[in-house]
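# Observations on the model geometry
As a plain string of letters, each chain reads:
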Amino acid sequence: MTTSPTRIQVNPSVPGDGRPDYIRIQDYGFWYGAKKALDAITLDIPERQVTAFIGPSGCGKSTLLRNLNRMNDLIDAVRHEGDITVGGRSIYDPTVEVISLRRRVGMVFQKSNPFPKSIYENVVYSLRVAGVSDRDILDETCESSLRRAALWDEVKDRLQDSALGLSGGQMQRLCIARAIANQPEILLMDEPCSALDPIATGKIEELIHHLKAQFTIVIVTHSMQQAARVSDRTAFFYLGKLVEADRTEKIFMNPAQSQTEAYISGRFG
Amino acid sequence: MQRYFHEELRQLRDDLVLMGERALDMTRLSLKALEEGDDKLALQVRGMDDGVDDLEKRVDREIMRYLTLFGPMGGDVRLLLGARDICHDLERVADEASGIARRSLTISGRGPLKDLLMVPEEGRLAAAALRAAMDSFIEGDLAKAKGILEADKEIDRLNKENYLALLGRSGDTARISPSHVELIFISKAYERIGDHSKNIAEQVIFLLSGEDVRHQR
């Protein structure tokens, strides 16, 4: 008898859980050339919650994150099997425009990457690219995005200053504001705090906590403490496979798999 | 910087305070039931124990969740460790009060007992000690917490006096009436409530000052 990969079900008894699965990853495999990076991943990600991907380096967590908006398509000789759907529609549907997918699925990177422009122009960049020139719309988007990224009060009096003059933590929040300005449905965050001090990290985590009311957030982090603090659900990956995914509280208090227990308690390897 | 998860510490404190109020109610009502021979009240006290047990489990879950997920440090660690001990002491207080109510019913079933020795006074002191211990926790009052350590000695003395008074009256233990045997157990239960109040005060001292004053004479 063959068994299909276990679908991770949402536990309806958990407050805030039981939301519809917004991203569905189904029997998904991914190759860089001949190297298989992801193996038969099946995972549902509920909307408007924070889902953390954890695991040792090379486990595939960043690869999977980057496939959620097809960022890895930019790399030569990659291929996949299985499917990923967002809001019920496959991201590999031939009619899906990758640019529009990436507008719906925004990304914040490990290292903040503001453009060498003013704070204002960084936030409204995507609107400019889309041809929006109405000053009222641009101003409104700039302010609302910076407010939602908890940066407005710190920069409202110097919007025309260069973004490169901001602190590391402010730059990262600016990048979040820029992603928000696109009005995405999903925010992908790849180690967003790895280069930040504890205070700046705390501010980003607070921001993530508030943003989940509006966005579905998936975060890759090497910090188990961060995953524990910010996420509602956690998925543990090892050697390209999904070992276990569940409510974060369950994963860190009483995981079902011995590999997960070994990893979170530092007894790995 | 106030973090979103600090709200969970506030919830934990609230649950502990609620548990303290319930345990204190049970202690006071158990004494009233005994003094007035009020079976209905005694049954009410017995029925309150499950609620405290549920609160104990909830507080335990909250502590475990916070320790696991939020990496507490400093005073937050002391609060969580202290809260765990306080919570278990309160659950034991509720058990003692429930036991007192059960023995009250037994005494009442055999006919009213006119002489309750010094048990009412001991019970009032035990309830006052518990109240003061919880107040010291709520108010963060170190002096009040330290005061309870002394008050416990008076409760111990009354418990001993109750036992000796019965012995002196009866000549030997074999002649003590069954109802008075129950009363001695009740006296011991209030003495234990005093001990638990003292334990709570010791945890409050640890929480506020970091000083471990347990097992000091």
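Preceding block: the structure.
These remarks concern the structure in this document. Model, not experiment: these values are computed from the prediction.

### A short note on the sheet that holds strand β10 (residues 241-247) of chain A
Residue and element names in this part refer to chain A. Within the open sheet, the six strands sit side by side as β6-β7-β8-β3-β9-β10. Their pairing is mixed. Whereas interior strands pair on both sides, the edge strands pair on one side only; in this sheet they are β6 (105-108) and β10. Sheet twist, expressed as the mean angle between neighbouring strand axes with direction ignored, is 20°. Sheet topology places β6 next to strand β7 (residues 186-190); four bridges connect them, and they run parallel. Residue pairing across strands places V105 opposite I186, the latter belonging to β7. Helix α7 (residues 168-181) contacts β6 and β7 of the sheet and is inclined by roughly 170° relative to β6. Along the sheet, helix α8 (residues 198-211) contacts β3 (50-54), β7 and β8 (216-220); its crossing angle with β8, the most-contacted strand, is approximately 150°.

### Observations regarding unusual backbone geometry
All names here are of chain A. The residue D27 is not glycine, and still its phi comes out positive at about 45°. Despite not being glycine, R70 shows a phi value in the positive range, around 60°. Assignment of secondary structure puts R70 in the loop between α1 (61-67) and β4 (78-86). Among the residues examined, R70 registers a relative accessible area of 14% and is labelled buried.

### Re the packing of helix α1 (residues 6-36) of chain B against helix α2 (residues 39-69) of chain B
Residues and elements named next belong to chain B. Axis separation between α1 and α2 bottoms out at 9 Å; the angle between their running directions is 160°. By the angle between their directions, the pair α1 and α2 is classed as roughly antiparallel. Crossing hand, α1 versus α2: left-handed. Classifying every residue of the contact of α1 with α2 gives 17 nonpolar, five polar and ten charged.

### A look at the environment of A145(B)
Residues and elements named next belong to chain B. Tracing the sequence through the fold places A145 in helix α5 (residues 142-170). The class of A145 is buried, set by a relative accessible area of 0%. Along the chain, A145 and A129 lie 16 residues apart, while their C-alpha atoms are 9.5 Å from each other. If sequence neighbours within four positions are ignored, A145 has contacts with S136, A201, V204 and I205.

### Quick notes on the pattern of salt bridges
Enumeration according to the criterion identifies 35 salt bridges over all chains in this entry. R173(A) is the partner of E154(A) in a salt bridge, and the nearest nitrogen-oxygen pair spans 2.8 Å. Taken together, the positions of E154(A) in helix α6 (residues 152-155) and R173(A) in helix α7 put the pair 19 residues apart, joining distant regions of the chain. A relative accessible area of 31% places E154(A) in the partly exposed class. Since its relative accessible area comes to 4%, R173(A) is described here as buried. Of the charged contacts, one joins R131(B) and D135(B) as a salt bridge, the two residues approaching to 3.1 Å between their closest N and O atoms. Here the residue R131(B) and the residue D135(B) both occupy positions in helix α4 (residues 119-139), the gap between them amounting to four residues, near one helical turn.

### Some words on the pairing of β4(A)
Residue and element names in this part refer to chain A. With two bridges connecting them, β4 and strand β5 (residues 89-90) associate as antiparallel partners. When the sheet's bridge partners are listed, V86 is paired in β5 with R89. Connecting β4 to the next strand, β5, in antiparallel fashion are two residues, including G87 with a positive phi near 60°.

### Quick look at the interface of chain A and chain B
Contacts between the two partners involve 14 residues from chain A and, on the opposite side, ten residues from chain B. Surface buried jointly by chain A and chain B totals about 1,100 Å² across both partners, of which 64% is contributed by carbon and sulfur atoms. For the pair chain A and chain B, the interface holds three salt bridges. Two residues, R3(B) and E206(A), come together in a salt bridge whose shortest N-O distance is 2.7 Å. At the boundary of chain A and chain B, one finds five residue pairs in polar contact (both at pLDDT 80 or more).

### Side note on the pairing of β7(A)
All names here are of chain A. Most of β7 sits out of view: five of its five residues are buried. Burial of the side chains of β7 extends over both faces: I186, L188 and D190 are buried on one face and L187 and M189 on the other. With five bridges connecting them, β7 and β8 associate as parallel partners. Bridge assignment links L188 to a residue of β8, and that residue is V218.

### Overview of α8(A)
Residues and elements named next belong to chain A. Its 14 residues give α8 an end-to-end C-alpha distance of 20 Å, which sits within 8% of 20 Å, the value for a rise of 1.5 Å per residue. Among all positions in α8, only A200, T201, G202, I204, E205, E206, L207, I208 and L211 are buried. Summarising the contacts, the buried residues of α8 are in contact with β3, α5 (135-148), α7, β7, β8 and α9 (224-230). Its side-chain oxygen 3.0 Å from the backbone nitrogen of I199, D197 forms the N-cap of α8.

### A closer look at the nonpolar core
L146(A), I176(A), F252(A) and F137(B) are the most contacted members of the largest nonpolar core, which has 111 residues in total. Ranked by the residues each element gives to this core, the list is headed by helix α3 (residues 74-109) of chain B, at twelve residues. With 31 residues, the next largest nonpolar core counts I45(A), L68(A), L101(A) and V105(A) among its residues.

### Thoughts on the packing of aromatic side chains
Following the criterion strictly, the structure yields nine aromatic pairs over all chains and no others. Between the aromatic rings of F115(A) and Y125(A), the centroid separation amounts to 4.5 Å while the plane-to-plane angle is 50°, which identifies the pairing as tilted. Of this pair, F115(A) sits in the loop between β6 and α3 (119-123) while Y125(A) sits in helix α4 (residues 125-129), and the two are ten residues apart along the sequence. Plain terms: the ring middles of F5(B) and Y66(B) are 6.2 Å apart, the flat faces sit at 70° to each other, and that makes the pair edge-to-face.

### Comments concerning α7(A)
Residues and elements named next belong to chain A. When the terminal C-alpha atoms of α7 are compared, their 20 Å separation across 14 residues agrees well with the 20 Å that a helix rising 1.5 Å per residue should span. Extensive coverage of α7 is indicated by the burial of 13 of its 14 residues. Looking one or two residues past α7, Q183 carries a phi angle of roughly 55°, positive in sign.

### Remarks on the state of the cysteines
Considering all chains together, one arrives at zero disulfides over all chains under this definition. Left without a disulfide partner, C193(A) is nearest to the cysteine sulfur of C175(A), which lies 12 Å away.

Basis of the calculations
Residues numbered from 1 in each chain as written. Chains lettered and ligands numbered in written order. Predicted model: local features only at pLDDT ≥ 70, side-chain atom pairs only at ≥ 80, totals over all residues. Heavy atoms only, no water. Pairing = 2+ DSSP bridges. Helix = DSSP H or I, 4+ residues; strand = E, 2+ residues; numbered from the N terminus. Axes fitted to C-alpha atoms, helices over the stretch in contact; angles between N-to-C directions. Contact = heavy atoms within 4.5 Å. Buried < 20%, exposed > 50% of the residue type's maximum accessible area, 1.4 Å probe, protein only. Parallel < 35°, antiparallel > 145°, perpendicular 65-115°, else oblique. Left-handed = near helix turned anticlockwise from the far one by under 90°. Nonpolar A, V, L, I, M, F, W, Y, C, P; charged D, E, K, R; others polar. Salt bridge = Lys/Arg side-chain N within 4 Å of Asp/Glu carboxyl O. Buried area = accessible area lost by both parts, 1.4 Å probe. Polar contact = N/O pair within 3.5 Å; in protein donor to acceptor, adjacent residues only side chain to side chain. Expected span 1.5 Å × (residues − 1). Core = buried A, V, L, I, M, F, W, Y, C linked by side-chain atoms within 4.5 Å. Phe/Tyr/Trp six-rings, centres within 6.5 Å; stacked < 30°, edge-to-face > 60°. Disulfide = S-S within 2.5 Å.

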